[in-house]
Amino acid sequence: MVDIATRVYNHKWKIDPIIRSLIDTDFYKLLMCQSVFRNKPDTHVEFSLINRSRNIRLADVIDEGELREQLDHIRSLSLSRGESTWLRGNMFYGKRQMFRPDFMEWFENFRLPPYHLEKRDGQYELTFEGRWPEVMLWEIPALSVLMELRGRAVLNAMDRFELQVLYARAMTKLWEKVEQLRPEPDLRIADFGTRRRHSFLWQDWCVRAMREGLGDRFVGTSNCLIAMRRELEAIGTNAHELPMVYSALADTDEELRQAPYRVLADWHEEHEGNLRIILPDTYGTEGFLKEAPDWLAGWTGIRIDSGDPAGGAETAIDWWKERGEDPRQKLVIFSDGLDVDKMLELQARFRGRVRVSFGWGTLLTNDFRGLVADDALAPFSLVCKAVSADGRPTVKLSDNPNKAMGPAEEVARYKRVFNVGLQKPRAVVV
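Note that the coordinates shown come from a computational prediction; the quantities given were computed from them, not determined experimentally.

Undergrad: Explain the overall build of the protein chain here, please?
TA: Of the regular secondary structure elements, the protein chain holds 19 helices and 13 strands. For the protein chain, the proportion of its 430 residues judged to be buried stands at 58%. When contacts within the protein chain are restricted to residue pairs at least 6 apart in sequence, those whose partners lie at least 24 apart make up 79%. Surface accessibility of the protein chain: about 17800 Å² in total, with carbon and sulfur atoms responsible for 46%. Each charge class in the protein chain can be summarised by its mean position, and for the 61 positive and 66 negative side chains these summaries are 2 Å apart.

Here is the structure:
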């Protein structure tokens, strides 16, 4: 087993680069990239870093030269022969050749495009512009780099034994969580923690601990590189990025209203009926389900990623019943700011009513809360989002207004078009 503390203490980044592969990313990004590659390859998109935790002044903590060195390293990466073979030949969600030959030929010759970086008011402004299939693949590595560099800035001040004790405490903390989850016989849980992880080595350790501690109840990881190396299921479907960009491209209010459903129609055609999980909260779950076409009710399930998770699941259950579906056959995936107590609470509430699964993210792969002075390693809320498409601003409303983004006038328009009423703000944990 890797001695993480010693690797950190003896750090040479060329041995342990933060991003070591183009597939050190989330599986859903590759699935979405293939869909975009085939459906909207020439759409010009801008992605931007957004630090929701403004008290964390990243530009004061992270050295710009070190950040540029890591970003430049990522631009040098290309798909290896073994990685290409895994993507081309492995079985994902019961299907071989999930990634089509035309997409794979493009991806095998792919390099990430340039980035733009500058400092402003103690924060980094990091943006990526270009063709959508190319720039979208910056999101996960960019977030991983910034999260880990912030952690390294704290760890660099610690001596060898202090690091050993820190990681021993963090390992104990995670294992205690695993022991709390163990008694749940129907548990279904996956690692969703790549984007805001403490480090690659730590995420890999967490995944191995989950697999050993929970056995088959640990169903896989969103991280493609770890899934390949550890022979685990790669987990993921789609994200808010798709409806945000499709909606920005709409010319009329009616086209805007239909954009989230157009996304899923394209997705359905792309995957021939597989990967049928709805993410309904981009512009409000309640309104999305109310106006949804009947064919969506036949999909496998739904992912709850903002707002009150229990309330979102209850809304989905009522919707399925109204559309003549049996909720007990449906899957609800909870994935927003989860930790053990919340997962156990949700598991108990919905047992026997729906099939329940959890995508456990930041508080699996980056829970160092309370382990160093001033809580300097506590995770924080950092995202990288598409902010424009073909020169038009993107908007996200969410079921939690604290996660909303976009120009004020466009937010108001989207609320009108999607009939979004008063929303209850919730603290954004991570």
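Following the structure, the description resumes.
Undergrad: Just checking my understanding: could you explain the layout of surface pockets for this structure?
TA: Empty space among the atoms becomes visible once a probe the size of a water molecule is rolled across them. In this structure, the largest pocket spans a volume of roughly 960 Å³. Lining of the largest pocket is provided by 49 residues; of these, Tyr 28, Phe 192, Arg 303, Asp 305 and Ser 335 occupy positions nearest its centre. Contributions of two or more residues to the lining of the largest pocket are made by helix H12 (241-248), strand S10 (331-334), strand S11 (355-360), helix H18 (362-365) and strand S12 (382-389). Here the second largest pocket defines a volume of roughly 760 Å³. Lining of the second largest pocket is provided by 35 residues; of these, Gly 284, Thr 285, Glu 286, Gly 287 and Asp 399 occupy positions nearest its centre. Counting only elements with at least two residues in the lining of the second largest pocket, the list comes to helix H13 (253-270), helix H14 (285-291) and helix H16 (309-322). Looking at which element gives the most residues to the lining of the second largest pocket, the answer is H14, with six residues.

Undergrad: Would you mind showing me how to read the environment of Met 244 here?
TA: Within the fold, Met 244 resides in helix H12. For the pair Met 244 and Leu 49, spaced 195 residues apart in the sequence, the C-alpha separation amounts to 16 Å. With sequence-adjacent residues up to four places away left out, Met 244 is seen in contact with Thr 282, Tyr 283, Ala 386, Thr 394, Val 395, Lys 396 and Met 405.

Undergrad: For this particular structure, what's the right way to read unusual backbone geometry?
TA: Across the chain, the bulk of peptide bonds are trans and the bulk of non-glycine residues have phi less than zero. Positive phi, normally seen in glycine, also occurs at Asp 374, with a value near 60°. Tracing the sequence through the fold places Asp 374 in the loop between H18 and S12. On the basis of relative accessibility, which here comes to 77%, the residue Asp 374 falls in the exposed class. Despite not being glycine, Ser 398 has its phi angle at roughly 70°, a positive value. Tracing the backbone through its elements, the reader meets Ser 398 in the loop between strand S13 (392-393) and helix H19 (408-417).

Undergrad: What should I look at first to understand the side chain of Thr 221 in this one?
TA: Topologically, Thr 221 is positioned in strand S7 (residues 218-221). Classification of Thr 221 by relative accessible area gives buried; the value is 0%. For Thr 221, the side chain forms a polar contact with the side chain of Asp 191, separated by 2.6 Å. Sequence-distant contacts of Thr 221, that is, excluding residues within four places in its chain, are made with Asp 191, Gln 203, Val 207, Ile 226, Ala 227, Leu 232, Glu 233, Ala 234 and Ile 235.

Undergrad: I tried to follow the environment of Ala 170 on my own but got confused; where do I start?
TA: Looking at where Ala 170 falls in the secondary structure, it is placed in helix H9 (residues 160-181). Dropping the residues within four chain positions of it, Ala 170 is found in contact with Trp 202, Phe 368 and Leu 371.

Undergrad: Help me out: how do you make sense of the sheet that holds S7 in this one?
TA: Within a sheet, each strand pairs with its neighbour through backbone hydrogen bonds, oriented either parallel or antiparallel. The parallel open sheet is built from six strands, whose spatial order is S7-S6-S11-S10-S9-S8. Pairing within the sheet leaves two strands with one partner each, and these edge strands are S7 and strand S8 (277-278). Strand direction decides the pairing type here: strand S6 (residues 189-191) and S11, joined by three bridges, are parallel. What sits directly across from Asp 191, in S11, is Trp 360. Of the strands in this sheet, S6, S7 and S11 touch helix H10 (residues 200-214), which is tilted by about 160° from S7. Running over the sheet, helix H17 (residues 340-350) touches S6, S10 and S11 and is turned about 170° from S11.

Rules used in this analysis
Residues numbered from 1 in each chain as written. Predicted model: local features only at pLDDT ≥ 70, side-chain atom pairs only at ≥ 80, totals over all residues. Heavy atoms only, no water. Helix = DSSP H or I, 4+ residues; strand = E, 2+ residues; numbered from the N terminus. Buried < 20%, exposed > 50% of the residue type's maximum accessible area, 1.4 Å probe, protein only. Contact = heavy atoms within 4.5 Å. Areas by Shrake-Rupley, 256 points an atom, 1.4 Å probe, with all protein chains shown as cover. Lys, Arg positive; Asp, Glu negative; His and termini not counted. Charge placed at Lys NZ, Arg CZ, Asp CG, Glu CD. 1 Å grid on protein atoms, 1.4 Å probe; cavity = no way out; pocket = protein on both sides within 12 Å on 5 of 7 lines; lining within 4 Å. Points joined across faces, edges and corners; volume = space filled by probe spheres on them. Polar contact = N/O pair within 3.5 Å; in protein donor to acceptor, adjacent residues only side chain to side chain. Pairing = 2+ DSSP bridges. Axes fitted to C-alpha atoms, helices over the stretch in contact; angles between N-to-C directions.

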